[in-house]
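# Overview (structure and organization)
Each chain, letter by letter, is given below.
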Amino acid sequence: MSLVCTTPTPQTAADACGAAILDVLREAVATRGSATLAISGGTSPKIMFEYFARTDMDWSKVHVYWVDERCVPIDDPQSNFKLANDAWLVPSQVPVANIHRVLTEYKPEEAAARYSRELSRIERFDVIHLGMGGDAHTASLFPGDKLIDDHEHLAAAVYVEKMRQWRVTMLPATLERTRHVFLLVTGTDKAVPLDDVFNGPHDPMNYPVQIATSDPGSTHWYVDAAAARLLRSKAEAWTV
């Protein structure tokens, strides 16, 4: 059964999710000497990245990857790398050698191939952090995309028609290869898809975020009250 933590606001959800992720990373560092973290982009993660920057975490032992990236220059406002870099990586002085971004200076297919080679060095992620769109997409895997059924390759270039944009995204083979998945979901537009994901059929082709919930025991949801307002009983929930 997935674990769902409901908090009053996006800020409290992001802070709680961030604190839980840091607990896992510290345990991984203590156990194995280093930790791996894959992050997503968006408004809610920005708040969480700012939380990271306020902590005393030793980031020298944590290697950072991206779940997906828009194929834009690294200084473009749409860049997921720029978002994390400005809000957290630079303020926290995360070592450059620990930052494994998608090389968007290459064409999408080449960037995806290079990123796949980078991901192949990771046996299993300690933490993959995800969000969920109002259409239940996660990473850059949108409903109906044939890549949702690709359990062989680690990453791919994908053209997102609704955004008219090329992206590079992790694929299910990578998203399912993790010790812990943390999903940070906030906003009223997430209420209906969140309830569908928990209480509807298991259908990742229509609810891609379900890719990340194949092992409920390692899946941790952090949601605000607005997103959780319709959530029914298929979750072990607590409120902070």
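Scroll up to find the structure this text is about.
Definitions and limits used
Starting afresh in each chain, residues are numbered from 1 along the sequence in its written order. Selection of residues for local features in this predicted model requires a pLDDT of at least 70, selection of side-chain atom pairs for listing and counting requires 80 or more, and totals for whole chains, interfaces and linings are taken over all residues. The side-chain values count all of the structure's non-hydrogen atoms but skip hydrogen atoms and water molecules. A run of H or I in DSSP becomes a helix once it reaches four residues, and a run of E becomes a strand once it reaches two; helices and strands are each numbered from the N terminus. It is over C-alpha atoms that the radius of gyration is taken, and the globule rule equals 2.2 Å times the number of residues to the power 0.38. Only protein chains enter the accessibility calculation, which uses a 1.4 Å probe; a residue is then buried when its area is under 20% of its type maximum, exposed when over 50%, and partly exposed in between. Residues count as neighbours in contact if any of their non-hydrogen atoms are within 4.5 Å of one another. Note on geometry: axes are lines fitted to C-alpha atoms, helical ones only across the stretch in contact, with angles between N-to-C directions running from 0 to 180 degrees. Note that Gly is not counted as nonpolar here; it falls among the polar residues with everything else outside the nonpolar set of Ala, Val, Leu, Ile, Met, Phe, Trp, Tyr, Cys and Pro and the charged set of Asp, Glu, Lys and Arg. Between the first and last residue of a helix there are one fewer steps than residues, each counted as 1.5 Å, and that sum is the expected span. Arc definition: it is the arc formed by the directions from the helix axis to the C-beta atoms. Only the six-membered ring of Trp is used, alongside the rings of Phe and Tyr, when aromatic pairs are assigned; centres must lie within 6.5 Å, and planes under 30 degrees apart are stacked while those over 60 apart are edge-to-face, with the rest tilted. Any Lys NZ or Arg CZ found within 6 Å of a ring centre and within 35 degrees of that ring's normal is scored as a charge over the ring. Here, a salt bridge means any side-chain nitrogen of Lys or Arg that lies within 4 Å of a carboxyl oxygen of Asp or Glu.

## Details of the overall build of the protein
- For the protein, the helix and strand inventory stands at 7 helices and 11 strands.
- By the compact-globule yardstick of 18 Å for 240 residues, the protein fits well, its C-alpha radius of gyration being 17 Å.
- For the protein, the C-alpha atoms occupy an extent of roughly 45 × 40 × 30 Å along the three principal directions.
- Here the protein holds 240 residues, and the buried ones make up 55% of them.
- Sequence-distant contacts in the protein: of pairs separated by 6 or more residues, those separated by 24 or more amount to 77%.

## Considerations on the packing of helix H2 (residues 43-54) against helix H3 (residues 80-89)
- Between H2 and H3, whose axes approach to 8 Å, the crossing angle comes to 35°. Judged by residue contacts, Lys 46, Phe 49, Glu 50, Phe 52 and Ala 53 of H2 engage Leu 83, Ala 84, Ala 87 and Trp 88 from H3.
- The class makeup of the residues in the contact of H2 with H3 is 7 nonpolar, no polar and 2 charged.

## Section: the environment of Gly 187
- Checked against the element boundaries, Gly 187 lands in the loop between strand E9 (178-185) and helix H6 (191-199).
- Taking the relative accessible area as the measure of exposure, Gly 187 reaches 19% and is therefore buried.
- With 41 residues separating them along the chain, Gly 187 and Ala 228 place their C-alpha atoms 8.8 Å apart.

## Considering helix H4 (residues 108-119)
- Under the 1.5 Å per step criterion, the end-to-end length of H4 is 16 Å for 12 residues, consistent within 8% with the ideal 16 Å.
- Every buried residue of H4 is listed here: Pro 108, Ala 111, Ala 112, Tyr 115, Ser 116 and Leu 119. Along H4, the residues classed as buried sweep out an arc of 135° about the axis, all on the same side.
- For H4, the elements touching its buried residues are strand E3 (62-66), strand E5 (99-100), strand E6 (125-130), strand E7 (155-160), strand E8 (165-170) and helix H5 (172-175).

## Here we look at the packing of aromatic side chains
- Overall, the coordinates contain 10 aromatic pairs when judged by the stated rule.
- Following the ring pairs from residue to residue traces out a cluster consisting of Phe 49, Phe 52, Trp 59 and Trp 88.
- Above the plane of the ring of Phe 81 lies Arg 101, whose end atom (NZ or CZ) is 5.8 Å from the centre.
- In this structure, Arg 114 is placed above the aromatic ring of Tyr 106, and the distance from its NZ or CZ to the ring centre is 3.9 Å.

## Considering the pattern of salt bridges
- Applying the stated criterion across every chain, the model contains 11 salt bridges.
- Here Arg 32 makes a salt bridge to Asp 126, at a shortest N to O gap of 2.2 Å. On the criterion of sequence distance, the pair formed by Arg 32 in helix H1 (residues 10-32) and Asp 126 in strand E6 is long-range, its members being 94 residues apart.
- According to the relative accessible area criterion, Asp 126 is buried, its value standing at 4%.
- For the salt bridge of Lys 46 with Glu 50, the shortest nitrogen-to-oxygen distance reads 2.7 Å. Highlighted residues: Lys 46 and Glu 50, both in helix H2, separated by 4 residues, approximately one helical turn.

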